[in-house]
Structures are given as structure tokens and as C-alpha cells.
Amino acid sequence: MNEFLEPGMLVRNPLAPDWGLGQVQSRIGDRITVNFEHAGKQVIDGRRVQLSLVIPDQG
């Protein structure tokens, strides 16, 4: 279900909430590279982890 993710989108890893907010760097197949504010760059296996999309407040 991570197929919609594109570079620049903001996400959170529900299995690691202490990683904080992350920005998608790339997605190649099921491999998603995300730069998290408290965990740095992580490569996520999209078959195992469903990242949560964060929609910034508008206004």
C-alpha cells in the first residue's frame, strides 16, 4: 500500500514513532528510502511496513 509514495512526501513509521517525521527520498519497488528527523536515512521494506502519510496543515 506504499505504491502512492513519491519523493518529497512526509511520512511516519508507525512501528518506530520515536524516529519522528520523515521525508521520502525515493521509492524503487518495495524499497522506500526515507530521511527521518531522529533516525536519519532509513531504507524501509514496504512489504513489511505501511508508512503513514502526513498531510501538512494548510493555512
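Residues numbered from 1 in each chain as written. Predicted model: local features only at pLDDT ≥ 70, side-chain atom pairs only at ≥ 80, totals over all residues. Heavy atoms only, no water.

Peer 1: Whenever I open this one, the overall build of the protein chain confuses me. Can you help?
Peer 2: Along the backbone of the protein chain there are zero helices and five strands. Here the C-alpha atoms of the protein chain give a radius of gyration of 11 Å, agreeing with the 10 Å that 2.2 N^0.38 yields for 59 residues. Dimensions of the protein chain, computed from the C-alpha atoms along their principal axes, are close to 35 × 20 × 15 Å. For the protein chain, buried positions account for 27% of its 59 residues. Taking the intrachain contacts of the protein chain between residues at least 6 apart in sequence as the baseline, contacts between residues at least 24 apart amount to 34%. Here the protein chain displays about 4100 Å² of accessible surface, and carbon together with sulfur accounts for 50% of that area. The positive charge centre, built from 6 side chains, and the negative charge centre, built from 7, are 8 Å apart in the protein chain. (Helix = DSSP H or I, 4+ residues; strand = E, 2+ residues; numbered from the N terminus. Rg over C-alpha atoms; globule rule 2.2 N^0.38 Å. Buried < 20%, exposed > 50% of the residue type's maximum accessible area, 1.4 Å probe, protein only. Contact = heavy atoms within 4.5 Å. Areas by Shrake-Rupley, 256 points an atom, 1.4 Å probe, with all protein chains shown as cover. Lys, Arg positive; Asp, Glu negative; His and termini not counted. Charge placed at Lys NZ, Arg CZ, Asp CG, Glu CD.)

Peer 1: When you look at the side chain of Thr33 in this model, what are you seeing that I'm missing?
Peer 2: Relative to the elements of secondary structure, Thr33 occurs in strand 3 (residues 31-36). For Thr33, a relative accessible area of 15% gives the class buried. Not counting residues up to four positions away in its chain, the partners in contact with Thr33 are Gln23, Val24, Gln25, Ser26, Lys41, Gln42 and Val43.

Peer 1: It is not clear to me how the pairing of strand 4 (residues 40-45) should be interpreted in this structure. Could you clarify?
Peer 2: Side-chain direction in a regular strand flips from residue to residue, so the side chains alternate between the two faces of the sheet. Relative to strand 4, strand 3 runs antiparallel, the two being bridged by six bridges. Counted as the bridge partner of Ile32 is Ile44 from strand 4. As consecutive antiparallel partners, strand 3 and strand 4 are separated by three residues. (Pairing = 2+ DSSP bridges.)

Peer 1: Where do I start with the pairing of strand 3 in this structure?
Peer 2: Alignment of strand 2 (residues 22-28) against strand 3, held across six bridges, turns out to be antiparallel. Bridging from a neighbouring strand, Ile28 pairs with Arg31 of strand 3. Between the end of strand 2 and the start of strand 3, which pair antiparallel, lie two residues, with Gly29 showing a positive phi angle near 65°.

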